[in-house]
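Next come the chains, spelled out residue by residue.
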Amino acid sequence: MSTHVNLFGEPAPTLLPSLPEAEQLVSAGTPATEIAAKYPAFSLAWALLAEAALADDRYVDAYAYARTGYHRGLDALRRNGWKGHGPIPWSHAANQGFLRCLAALARAAGAIGEDEEADRCWKFLADSSADAYAELSS
């Protein structure tokens, strides 16, 4: 029995650039709605909104927030060299907003009965960052 090894290796990790102005607002406790309105491409603001909605059992709201942050994150990843696969390290703080949106989208999708979407999102998270999956799936 032979095993197949990818001789090209895996792509280099994608590291999103930080957005210090938005990150300072998060640190200062500015409401996530204000941060998202001022910095709509900042996935962490959308993740915070989605996570708060999930905590309040507002699953449709959570789904919408998470999907927005997920798509804004995909746009940022592509602008930074991501080709649709490869590592997106949890250890890089600027990646965490996207990864948190992905986990929130998985949770919200599951809560509204979108089981295939939930499964796809959990798999995408695990494939992108085992650390993020371990942190966010429990």
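Before reading on, note that the structure itself is shown above.
Rules used throughout
Residues numbered from 1 in each chain as written. Predicted model: local features only at pLDDT ≥ 70, side-chain atom pairs only at ≥ 80, totals over all residues. Heavy atoms only, no water. Axes fitted to C-alpha atoms, helices over the stretch in contact; angles between N-to-C directions. Helix = DSSP H or I, 4+ residues; strand = E, 2+ residues; numbered from the N terminus. Parallel < 35°, antiparallel > 145°, perpendicular 65-115°, else oblique. Left-handed = near helix turned anticlockwise from the far one by under 90°. Contact = heavy atoms within 4.5 Å. Nonpolar A, V, L, I, M, F, W, Y, C, P; charged D, E, K, R; others polar. 1 Å grid on protein atoms, 1.4 Å probe; cavity = no way out; pocket = protein on both sides within 12 Å on 5 of 7 lines; lining within 4 Å. Points joined across faces, edges and corners; volume = space filled by probe spheres on them. Core = buried A, V, L, I, M, F, W, Y, C linked by side-chain atoms within 4.5 Å. Buried < 20%, exposed > 50% of the residue type's maximum accessible area, 1.4 Å probe, protein only.

Undergrad: Explain the packing of helix α3 (residues 43-55) against helix α5 (residues 96-111) here, please?
TA: Two numbers describe a pair of packed helices, the interaxial angle and the distance between the axes. As a packed pair, α3 and α5 sit with axes 8 Å apart at the nearest point and diverge in direction by 30°. Taken together, α3 and α5 sit at an angle that is classed as roughly parallel. In the packing of α3 onto α5, the handedness of the crossing is left-handed. Residues S43, L44, W46, A47, L48, A50, E51 and L54 of α3 form the contact with α5, whose own contacting residues are G97, F98, R100, C101, A104, R107 and A108. Looking at the contact of α3 with α5 residue by residue, the class counts come to ten nonpolar, two polar and three charged.

Undergrad: I keep staring at the layout of surface pockets and nothing clicks. Help me out?
TA: Leftover empty space is mapped by rolling, across the atoms, a probe with the size of a water molecule. Counted as a void, the largest pocket has a volume near 390 Å³. P17, L19, F42, S43 and A94 are the residues nearest the centre of the largest pocket, which is lined by 22 residues in total. Taken together, the residues that form the lining of the largest pocket break down as eleven nonpolar, seven polar and four charged.

Undergrad: Sorry, what's going on with the nonpolar core here?
TA: Nonpolar side chains in soluble globular proteins tend to end up buried together. Counting 42 residues, the largest nonpolar core has Y70, F98 and L125 as the members making the most contacts within it. Listed by contribution, the elements that provide at least two residues to this core are α2 (32-38), α3, α4 (59-79), α5, α6 (115-128) and α7 (130-136). Setting aside residues no more than four positions away along its own chain, Y70 makes contact with F98, C101, L102, L105, R120 and F124.

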